[in-house]
Amino acid sequence: MEPQGWLPLLLRLGLMWPLGAPSEPRLRVFVVPHSHMDVGWLHTVQESMQAYVTNVYNTVVEELTLEKKRRFIAVEQEYFRLWWDGVASDEQKGQVHQLVAEGRLEFVLGGQVMHDEAVTHFDDQILQLTEGHGFLYETLGVRPQFSWQVDSFGASATTPTLFALAGFNAHVISRIDYNMKEAMQYKRELQFVWRGSRSLSAQQEIFTHVLDQFGYCSSHLPTTTLEGFNWDGKPVFPRQHGDYLYPSMGMPVNEDTVPVHSSSIAINVLARASWFQTAHILWPWGCDREFFNASQQFANMDIIMEYINNNTSEFSFSMEYATLGDYFRAVHSDQVAWQVRDHHDFLPYSSDKYHAWTGFYASRSGLKMLARRASTLLYAGESMFTRYMLLALHPNLDPAWGLQQLQQLRWAVSEVQHHDAITGTHALKVDDMFVEHLSTGMQGVHTLMASIIQDRSPAHSACSLSAGPEPGGRLVVVYNPLAWTITTIITLTVDFPSVRVTDVSGRPVPAQVQRSKELPSAYDLHVLTTIPGLSYQHYSIRPSRSSQEDTGETEPSVASTQQFAVRLRRRGRRMGQSLVPVVNDCYIIFLDLDTNLMHSIWERQSNQKVQVTQQFMEYHVNSHFNQDQISDNYVFRPDGRAEPAWEAVRMEIMAGPLVTEIRQYFYREVDDSEPTFAIYSRLAHRPQGSDGELLCHRIEQEYRVGPLELNREAILRTSTDLNTGQVLYSDNNGYQMQRRPYRQDTWNTIAQNYYPLVQSAFIQDRRSRLVLLSEQAHGVSSQGNGQVEVMLHRRLWNNDKWALDNDLTLNDSSVVHQVLWLLMGPWTLTSGLHQRSGLALQHRPVVMLREMNGEVGGPFSAPVITAPGWNGSWKQKAVMLPSSVHLQILSIPGWKYSSNHTEHLQTLRKDQNREAKADLRRVLLRLQHLYEVDQDPVLSQPVTLNLQSVLRGLGSVVSVEERSLTGTWDVSEMHRWTWSTQNPHRHRGKFNHPSPPLGGPNITIYPKEIRTFFIHFQEQ
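### Some words on the overall build of the chain
The helix and strand inventory of the chain stands at 21 helices and 43 strands. In the chain, once contacts between residues fewer than 6 apart in sequence are set aside, the share between residues at least 24 apart is 76%. Of the accessible surface of the chain, which amounts to about 36500 Å², a share of 48% is contributed by carbon and sulfur atoms.

### Regarding the sheet that holds strand β4 (residues 170–173)
Taken in spatial order, the 4 strands line up as β4-β6-β5-β9 in an open sheet, and their pairing is mixed. A strand with exactly one partner marks an edge of an open sheet, and here the two such strands are β4 and β9 (340–341). Here strand β5 (residues 191–194) runs beside strand β6 (residues 206–210); their pairing, made up of 4 bridges, is antiparallel. In the sheet register, W194 faces β6, and the bridge partner there is I206. Sitting on the sheet, helix α11 (residues 324–333) is in contact with β4, β5 and β6, with an inclination near 110° to β6.

### Section: unusual backbone geometry
The residue after L347, namely P348, is reached through a cis peptide bond having omega 0°. Note that P348 resides in the loop between β9 and α12 (365–391). Residue G706 is joined to P707 through a cis peptide bond whose omega torsion reads -5°. Positionally, P707 belongs in the loop between β26 (699–705) and β27 (712–720). Unusually for a residue other than glycine, N733 sits at a positive phi of about 60°. Phi at D934 takes a positive value of approximately 65°, unusual for a residue other than glycine. Residue placement: D934 occurs in the loop between β39 (922–929) and β40 (943–946).

### Some points on the environment of T323
Positionally, T323 belongs in the loop between β8 (317–321) and α11. For T323 and A74, which are 249 residues apart along the polypeptide, the C-alpha to C-alpha distance reads 9.7 Å. Sequence-distant contacts of T323, that is, excluding residues within four places in its chain, are made with V32, R71, F72, I73, G103, R104, E106 and R329.

### Quick notes on the pattern of salt bridges
For the structure shown, the criterion picks out 41 salt bridges. Notably, a salt bridge pairs D326 with R329, separated by 3.3 Å at the nearest N-O pair. Here D326 and its partner R329 are both found in helix α11, 3 residues apart, which amounts to about one turn of the helix. You can call D326 partly exposed: its relative accessible area is 23%. Owing to a relative accessible area of 42%, R329 belongs among the partly exposed residues under this scheme.

### Examining the state of the cysteines
Overall, the coordinates contain 2 disulfides when judged by the stated rule. Here C586 is linked by a disulfide to C696, with a sulfur-sulfur distance of 1.9 Å. The disulfide joining C586 to C696 has a torsion of about 125° about its S-S bond and is therefore right-handed. Of this pair, C586 sits in the loop between β18 (579–583) and β19 (587–592) while C696 sits in helix α16 (residues 693–696), placing them 110 residues apart in sequence. Judged by relative accessible area, C696 falls into the buried class, the value being 1%. Look at the chain and number its bonded cysteines as they come in the sequence; the links are 1-2, 3-4.

### Quick notes on the packing of helix α2 (residues 45–66) against helix α4 (residues 90–101)
Viewed as axis vectors pointing N to C, α2 and α4 meet at an angle of 55°, and their least axial separation amounts to 10 Å. With respect to α4, the element α2 is oriented oblique. The chirality of how α2 crosses α4 is left-handed. Counting all contacts with α2, which are made through N58, V61, L64 and T65, the residues of α4 involved are Q92, Q95, V96 and L99. In terms of residue class, the contact of α2 with α4 is made up of 4 nonpolar, 4 polar and no charged.

### Quick look at the packing of aromatic side chains
Summed over the entire model, instances satisfying the criterion amount to 53 aromatic pairs. Plain terms: the ring middles of F616 and F677 are 4.7 Å apart, the flat faces sit at 15° to each other, and that makes the pair stacked. A residue pair is termed long-range when its members are at least 10 positions apart, and F616 in strand β21 (residues 608–620) and F677 in strand β25 (residues 677–684) qualify at 61 residues. Judged by relative accessible area, which is 0%, F677 ranks as buried. One Lys or Arg, R769, reaches over the ring of F762 and ends 4.1 Å from the middle of that ring.

### A few points about the nonpolar core
What tends to happen in soluble globular proteins is that the nonpolar side chains get buried as a cluster. Residues F80, W283, W285, F317, L927 and I1015 are the most contacted members of the largest nonpolar core, which totals 165 residues. It is α12 that contributes the most residues to this core, 12 residues altogether. Ignoring any residue separated from it by four or fewer positions in sequence, one finds W283 in contact with V29, F30, V31, V32, S218, L221, F229, I265, N268, V269, R272 and M301. Residues I589, L694, L792 and V819 belong to the second largest nonpolar core, which totals 60 residues.

### A short note on the environment of E415
Looking at where E415 falls in the secondary structure, it is placed in helix α13 (residues 399–415). Taking the C-alpha atoms as reference, E415 lies 9.9 Å from D124; in sequence the two are 291 residues apart. Residues contacting E415, with those up to four places away along its chain left out, are V39, V45, E78, V113, A421, M433, F434 and H437.

### Considerations on the sheet that holds strand β41 (residues 957–963)
The strand order β38-β39-β43-β41 describes an open sheet built from 4 strands, whose pairing is antiparallel. With one partner strand each, in any of the chains shown, β38 (885–891) and β41 form the two edges of the open sheet. Each strand of the sheet is rotated relative to its neighbour by a mean of 25°, with strand direction disregarded. Sheet topology places β41 next to strand β43 (residues 1010–1017); 6 bridges connect them, and they run antiparallel. Within β43, the position partnered with E961 by the bridge is F1014.

### Details of the side chain of S152
By secondary structure assignment, the location of S152 is in the loop between α5 (122–140) and α6 (158–165). Polar side-chain contacts of S152 include one of 3.3 Å to the side chain of E117. With residues up to four places along the chain from it excluded, the contact list for S152 reads H115, D116, E117, R175 and H419.

### What about the packing of helix α3 (residues 77–86) against α5?
Between α3 and α5, the least distance of the axes is 10 Å, while the angle of their chain directions is 35°. Helix-helix and strand crossings are classified by hand; for α3 and α5 the assignment is left-handed. Contact with α3, carried on its side by Q77, F80, R81, W84 and D85, involves G132, F135, L136, T139 and L140 of α5 and no other residues of that element. By residue class, the composition of the contact of α3 with α5 is 5 nonpolar, 3 polar and 2 charged.

### Points about empty space enclosed by the protein
Counted under the stated rule, the structure contains 7 cavities of 30 Å³ or more. There is about 260 Å³ of room inside the largest cavity. In terms of lining residues, the largest cavity is bounded by 20 residues, among which D123, L127, L378, E382 and I889 are the most central. Elements with a contribution of two residues or more to the lining of the largest cavity: α5, α12, α13, β38 and β39. Considering each element in turn, the lining of the largest cavity owes the most residues, 6 residues, to α5. Residue composition of the lining of the largest cavity, by class: 9 nonpolar, 5 polar and 6 charged.

### Remarks on the confidence of the model for the chain
Averaged over every residue, the pLDDT of the chain is 90; residues scoring 70 or more account for 88%. Contacts from residues 867–873, a stretch scored under 50 in pLDDT, to residues over four places away or in other chains number 32 contacts.

### What about the side chain of Q417?
Its place among the elements puts Q417 in the loop between α13 and α14 (428–456). Within polar-contact distance, the side chain of Q417 engages the backbone oxygen of V413 at 2.8 Å.

### Some words on the pairing of β27
Counting buried positions along β27 gives 8 out of 9 residues, so the element sits mostly inside the fold. Sheet topology note: the β21/β27 ladder contains 9 bridges and is antiparallel. Bridge assignment links V612 to a residue of β27, and that residue is T720. Both β27 and strand β34 (residues 787–795) contribute to a ladder of 8 bridges, which runs antiparallel.

### Brief notes about a nonpolar patch on the surface
On the surface, V566, L568 and V670 cluster together into a nonpolar patch covering about 250 Å² of accessible area. Of note, V670 is situated in the loop between β24 (659–667) and β25.

Cut-offs and rules
Residues numbered from 1 in each chain as written. Predicted model: local features only at pLDDT ≥ 70, side-chain atom pairs only at ≥ 80, totals over all residues. Heavy atoms only, no water. Helix = DSSP H or I, 4+ residues; strand = E, 2+ residues; numbered from the N terminus. Contact = heavy atoms within 4.5 Å. Areas by Shrake-Rupley, 256 points an atom, 1.4 Å probe, with all protein chains shown as cover. Pairing = 2+ DSSP bridges. Axes fitted to C-alpha atoms, helices over the stretch in contact; angles between N-to-C directions. Salt bridge = Lys/Arg side-chain N within 4 Å of Asp/Glu carboxyl O. Buried < 20%, exposed > 50% of the residue type's maximum accessible area, 1.4 Å probe, protein only. Disulfide = S-S within 2.5 Å. Parallel < 35°, antiparallel > 145°, perpendicular 65-115°, else oblique. Left-handed = near helix turned anticlockwise from the far one by under 90°. Nonpolar A, V, L, I, M, F, W, Y, C, P; charged D, E, K, R; others polar. Phe/Tyr/Trp six-rings, centres within 6.5 Å; stacked < 30°, edge-to-face > 60°. Lys NZ or Arg CZ within 6 Å of the ring centre and 35° of its normal. Core = buried A, V, L, I, M, F, W, Y, C linked by side-chain atoms within 4.5 Å. Polar contact = N/O pair within 3.5 Å; in protein donor to acceptor, adjacent residues only side chain to side chain. 1 Å grid on protein atoms, 1.4 Å probe; cavity = no way out; pocket = protein on both sides within 12 Å on 5 of 7 lines; lining within 4 Å. Points joined across faces, edges and corners; volume = space filled by probe spheres on them. pLDDT = per-residue confidence, 0-100. Patch = residues over 30% accessible without salt bridge, like charges linked within 9 Å, V, L, I, M, F, W, Y side chains within 5 Å.

In structure tokens:
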């Protein structure tokens, strides 16, 4: 900006704030030093620790100790924990304690990572926050009160609710749509009170600050004379490429150059001042990988700040080092009546008119699947270990070892929530790191769970399984990690078609055998099971050595196979003349024999039929970086509309008494010997007298996709005759739904109408609703009336030199297997089934086998764990919750700190290195009400529970403490700031009163509430 350009700004500022005395600065600039440290992006965690992270903490602690006016905020706890545990000296640890106590080193956000907000599940967001907060509180006695979500690619409305529940007083975001940010700047609306939940409303609101167009990087300020305000130089990484990515060392500050630096800051400050309502300016100082030479950073900035503060009459503002807390306390003290934002999110994120960051919703699909499966395995392992520790009279398993296995997977799942991890926007070597950490953690929990089964199964049990299986047989234990009774079908791979399946009493169990869809010489064995909450079922699977007539034993039914001729893709010809039905008690699926595609679905309860057709299509993308806009790991930029990706389809139907499975194989070319795509659809048959409502009311689908051709983005498009008006509903992080009307865009309409599908999406009209439930994150869109499409896989390559130098490419030639469940029916039916069915998919039973050669997990089956050898059973009591309340976590965290905050601080002061023992009788319990206000006439009602009664199956409850979301606050002591608003407060729609203080084991949980407790159990 030229000097004469200051005049309009100064005139605006004069109208905004009354003129004071000439010596009194009107603006107060809060310089917040920080270093943005990605937990895996272009470099692995270990490479980053060696190249710069260690020096950030070493030099920052030293420089803050030398000069009291300096400040710094620390964000990612994975790095701080590694430094604290492996690098920091006793002297440095003492200095950190002192700096924290004085408020000069402030921990913000406090999670293991700065998580992504688009494709992460809120369970995993809570986990990574809990892990970071637990470490900080146990180590330093601090509890973060401000967020710093400045680099996630869009902002979810779930996040403000979770941060409010964690005790935060203010929330900082940055990456939102460029057009929206520009409009908010002009209207001075970058700060507001965000009520992220429609049902909770003002109960869990939070003050939110959107960083202006300059973002979190002071190195990126648009000046003509400077490289920025970075005097670090460049961190040195092994095999580093693309030096131009990082800012050069700034011009040193001295008597001659300080006026230039100061003028640059003045221009920037005055521009920012016109975008905010108070005279307090947040000025983030730092960027990626900065402050590894903090002495140079502070030495140069000290001179600039002293120069400006000595000339406030000239500059009209003062500058001071600050933490986020310093800044927000100043803003809060002004008592402005802030605008209120409702439960809508800031997705998708676009950085300019060509770059809609919607590609990463589907990038590295395999990692997204692995991350979700690791999370669900951890969920089951936590409750299984908790149950074991509380009920085992003489456990043979070492509790410390068990906690170590869980901790390793907690950290791995937390790490992969980083905004350059689960998003798929990282280098290939970093992908290898994430996969290794997840796989190692999963193997540890597999071993733990198998050990629990072995330890709890007496060697001489009277159970019919105690004799062990016949040669070639299997002993099976199935664990239900949900706190409801579930009826479902587990699928195992066996080597023999003739088997006997019996339960713990030797009775035959309903089962079905059919030819495996993936392994030519193997068979799929479907077994019907009903399991109460947090309980086990035991089965024996033995090969049949003689005919059923000879033994009189009941054997599983063998599915019949019906094969159909290959059909070519039709263009403009009549279809639907010859239909074949597939039927269960809830649906009839009609298949079109003219095309071998699905034709329609009839929902029998409502007697409604909806035309439904599915096919695989692909978007083609450009590969020449300098010729046109490209798709990459982040961005989706198609060349045009999606085109069919197949020329022929083959179909077969496997029908049996438990399951009918439709197998459709799609061939890219008519003469291809192997299909590029496949759909396996499964419709279960509810047995007489069973409670199989959820099982009956879903169509389970698995998709086989790949390998793709280069520069293709593969979708599954489902077309219906629903009159949807191109309105899509998709979820925020599995917590709540967002309405997504179709938006026209001059430059990039297709990509701008893609949204994250983390767990569910639906389309609807007045008569019916089609719900998609997903096992992992995808991109989802409605590009036409009655259509919904899911992006399943991406394979991209382009000649962008920076991406190639840093190995940030997406040339993914893998074959992926993904799962969606479909629900169809009127909204009165599907709204009641939606949430519970989503959790039934997310947390399918865990199957443990004695000897199993199959892979862990399967398209329709739960994770399969190979145990070294065990037998028997044990007495168990179920843990059951009402159908509208979900057991979000049941865990023994192993924290060593006292629940009493004063006692914990006293312990830290007396002996900072004291090795306390983990409290194994303190259980972390978190409950979630699944439904929104008015979503369902019955299920949306508040639910009252007696926790002693609910948890009786785990032991005797001694006491109950209600805690903040991450467990570090006693809620009775957590007093969050109140912000004045332009809108009156509303609580929970028609439920007008917040939950009363906990006075015993009885609690009432309201729609969409998430409540966290410490449960203390009596010693056995």
